[in-house]
Structure formats: C-alpha cells, structure tokens
Amino acid sequence: MNDVLALPTGPLAEASLRLARESESAPIADHSVRSFLFARLVARREGSVTDAAYDENLLFAACALHDLGLGSRAGGRARFEVEGADLAAATLTGHGVAATDVDRVWEAIALHSSLGIADRCGLLTSLTHKGIFTDAGLFADVDPGSLREVYAAYPRPSGNRYLQDAIVEHASRSKAAAPPYSIAAELLRQRG
C-alpha cells in the first residue's frame, strides 16, 4: 500500500472506521477517510507531523468520526457538528482515551465546519478542518499527484449533494438541529 493511502491501525482506529461505516452512508464514510488522508498530507506539507501536539491516531479519530451527526445514531437534537462530537466523545471514552484528548477530538469535530475559527484553534482542530475542506475543494495546497491517488482509492461522487442532503435531512428533525446562521439553517433556507 502506498504511504499516502496508509491508515492507522489499532483498536481505536478500527473502531472509529467501523462506526463511521456502520452509521453513515458510504459516500460520507469515504469523505471521512479522504479527509484524514488530506489532513495528514497538509500536516506533512506544513511540517507539523514533528510537532509535539501532532497525534495521528487522534487525527484519524477526529476525521473518521466528524460526520457521525449525519449518521443513523444521531437523533437531530443538536446541530450535526455537536451531535457528532458528542457521539465521538462517547466512543473515545469507551476506548479509554484520556479526557484531555477526548476534549481535543470533541473540539475538532464540533468546529470542523467553522471557517475562520477552526484553523485558529489547536493543531488537531486546524488539521481536521483543513482535511475536510480539502476534500470539499476549498483548500488546494495538496500535491495534485497525491490528490489523484486519494480520489482513485476513495472516489468522490460528483458534486457535494450527498453531504448537503444529509445535512438537510438532519436539520429537518428539530429547530435545535438548525440554529440560525448555521450551515444547516442556510441549506434549509436555500431549499425552502
């Protein structure tokens, strides 16, 4: 397997990937894997893989679990980012992850869609955000050859409708799932 496509191994990584694949649609679960691969490429380009705060297992967990709020385990009682962060925190706690690291992953997931904020938070939150939005096409600081490798291994459906549809479906469950000025509220407004 190519180094670009290598995924972490171990109980937490395996549980994170299994949970994403079991509770999210296949396109969203693949988006989560691509997000991790891009986040790691960004970390390598920025030189942050040697930073003491860099933890590839936590980065994988944050990226793999960032859209749990759009999956079958989310009830729509809060915005999808927060609901997903809560579900991820419970998973990490169940695997014996230290509370401070659970908090870091919770923050990375809860803020993953917060443009202009997430990239100013800690390394884990910033890398998670950049990996996710690289897959969305917002950041283009990844080597084009590596982009092609990732997309060949984990193809992206044309357009981002699968994410938008899942966000709208989650947001339609309750007012708390689409608070004013959130991505969910904006997508609901556009479709209204």
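Predicted model only: the values in this text are computed from it and were never measured.

Looking at this structure, how should I read the pattern of salt bridges?
Side-chain pairing between opposite charges can occur once the charged atoms of the two side chains come close. Applying the stated criterion to the full structure yields 14 salt bridges. The residue arginine 104 makes a salt bridge to aspartate 101 at a minimum N-O spacing of 3.2 Å. Taken as a pair, arginine 104 and aspartate 101 lie in helix H5 (residues 99–110) at a separation of three residues, close to a single helical turn. Judged by its relative accessible area of 21%, aspartate 101 falls in the partly exposed class. Close ionic contact of arginine 173 with glutamate 169 constitutes a salt bridge, the shortest N to O distance being 2.7 Å. A residue is classified by how much of its surface remains accessible, and arginine 173, at 33% relative accessible area, is partly exposed. In this structure glutamate 169 comes out as partly exposed when scored by relative accessible area, which is 39%. Three or more residues are tied together by salt bridges with common partners; here these are Arg45, Glu46 and Lys130.

When you look at helix H3 (residues 56–65) in this model, what are you seeing that I'm missing?
Along an α-helix, a turn takes 3.6 residues, which lines up residues three or four apart on a common side. For H3, the buried fraction is high: eight of the 10 residues fall into the buried class. The complete set of buried residues in H3 reads Leu58, Leu59, Phe60, Ala61, Ala62, Cys63, Ala64 and Leu65. The backbone nitrogen of asparagine 57 has a side-chain oxygen 3.0 Å away, supplied by the residue at the start of H3, namely aspartate 55.

The rules behind the values
Residues numbered from 1 in each chain as written. Predicted model: local features only at pLDDT ≥ 70, side-chain atom pairs only at ≥ 80, totals over all residues. Heavy atoms only, no water. Salt bridge = Lys/Arg side-chain N within 4 Å of Asp/Glu carboxyl O. Helix = DSSP H or I, 4+ residues; strand = E, 2+ residues; numbered from the N terminus. Buried < 20%, exposed > 50% of the residue type's maximum accessible area, 1.4 Å probe, protein only. Polar contact = N/O pair within 3.5 Å; in protein donor to acceptor, adjacent residues only side chain to side chain.

The quantities given are spatial measurements derived from coordinates; they are silent on function.
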